[in-house]
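Chains, contacts and geometry: an overview
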Amino acid sequence: MKVSGSAQPVMGGFERYLTVWVLLCIVAGIALGHWMPALSHAIAAMEVAKVNLPVGLLIWVMIIPMLVKIDFSALSRVKSHARGIGVTLFINWGVKPFSMALLAWLFLRQLFAQWLDPAQVDSYVAGLILLAAAPCTAMVFVWSQLCKGDPYFTLSQVALNDTIMLLAFAPIVALLLGISSISVPWDTLLVSVLLYILMPVAIAQMLRQQLLRRSEAALQRASAAMGPLSMLALLATLVLLFAFQGKTILEQPLVIALLAVPILIQVVLNSGLAYWLNKKLGVAHCVAGPSALIGASNFFELAVATAISLFGLHSGAALATVVGVLIEVPVMLVVVAVVNRSRHWYETAASPES
């Protein structure tokens, strides 16, 4: 995949106003569940082996266009940014899932327990763990552009994270859910990895190779054309989720705000730690910026899909992952602003990585 270092930051209307669209999906989903419950129940019943077929199809439409952008040949450039990549890997796989499990326990089982439905607390915790266990794949290209990050670092980091995710996602999720006393069948978890990581990656890479045989321009045109479909599929999935979660939200309107607290703390913790570690290691700002952003953001599409497969459309886990979608864009834009405004402070003490 060709990446231009001079490319201008581009964020389409869907991405820029994703929080607005999610809020509208909340309203539409709750209205659908309240006024057309028969339709919601009919959609929920369309399952095979615990996989909801309409939602599964929407999630494939959501994920595959993002994975088409990933060039796994970029793994050959990993050594050129070893320190920055090392920091991001440490945050993504050594800090973020475990710190989220701790924050979920602290806030949901301790500090906020009196305001949450006890029957759903385990499910909420599971959703937050799923959210933190999958590093972001697609939106990080936007965040990297907005902070003038090195495009080759971003590409190689995302390719490496996606490769690791194939092997590490299921064991980390199983470990943390087990520590949190949440029972999850290994076969269901592995089916989720097969359906929502391995198969979409394989399909996306085959499609990518077919397009590249035509030309680089054909790949770029196809990616641009598929982008809106991906976002529309995300919004349609959210409408269905909120259609099933509407009763819970109306009865406990604070639940979304309470779930957002550990997610917000997690973003601040991981982005700040990654940025500081890069500075201490003398990594160039154009690498430290995207490193901090990749460390803080989540592959929420995968988290939503896995939560539905493991716990169902009605679950607190599905709702918790959707909260991640709700706050992702505005929070990450704040992180971008901090990274950009602190460039002078960063560069006065950091010796750029060669």
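Calculation rules
- Residues numbered from 1 in each chain as written.
- Predicted model: local features only at pLDDT ≥ 70, side-chain atom pairs only at ≥ 80, totals over all residues.
- Heavy atoms only, no water.
- Axes fitted to C-alpha atoms, helices over the stretch in contact; angles between N-to-C directions.
- Helix = DSSP H or I, 4+ residues; strand = E, 2+ residues; numbered from the N terminus.
- Parallel < 35°, antiparallel > 145°, perpendicular 65-115°, else oblique.
- Left-handed = near helix turned anticlockwise from the far one by under 90°.
- Contact = heavy atoms within 4.5 Å.
- Buried < 20%, exposed > 50% of the residue type's maximum accessible area, 1.4 Å probe, protein only.
- Expected span 1.5 Å × (residues − 1).

1. A word on the packing of helix α6 (residues 121–132) against helix α8 (residues 151–179)
At a minimum axis separation of 10 Å, α6 and α8 run at an interaxial angle of 150°. In terms of axis orientation, α6 runs roughly antiparallel to α8. Between α6 and α8 lies a crossing whose hand is right-handed. Contacts between α6 and α8 involve A126, I129 and L130 from the former and F169, V173, L176 and L177 from the latter.

2. What to know about helix α7 (residues 139–146)
Most of α7 is tucked away: six of the eight residues are buried. Taken together, the buried positions of α7 are occupied by M139, V140, F141, V142, W143 and S144.

3. A closer look at the environment of S156
Tracing the chain through its elements places S156 in helix α8. Exposure remark for S156: the relative accessible area of 0% places this residue in the buried category. The spatial distance from the C-alpha of S156 to the C-alpha of K79 is 9.6 Å, given a sequence separation of 77 residues. Not counting chain neighbours up to four residues away, the residues in contact with S156 comprise A74, L75, V78 and I85.

4. Considerations on helix α12 (residues 285–296)
Over its 12 residues, α12 runs 16 Å from end to end, which matches the ideal 16 Å to within 8%, given 1.5 Å per residue. Most of α12 is tucked away: 11 of the 12 residues are buried. All of the buried residues along α12 are H285, V287, A288, G289, P290, S291, A292, L293, I294, G295 and A296.

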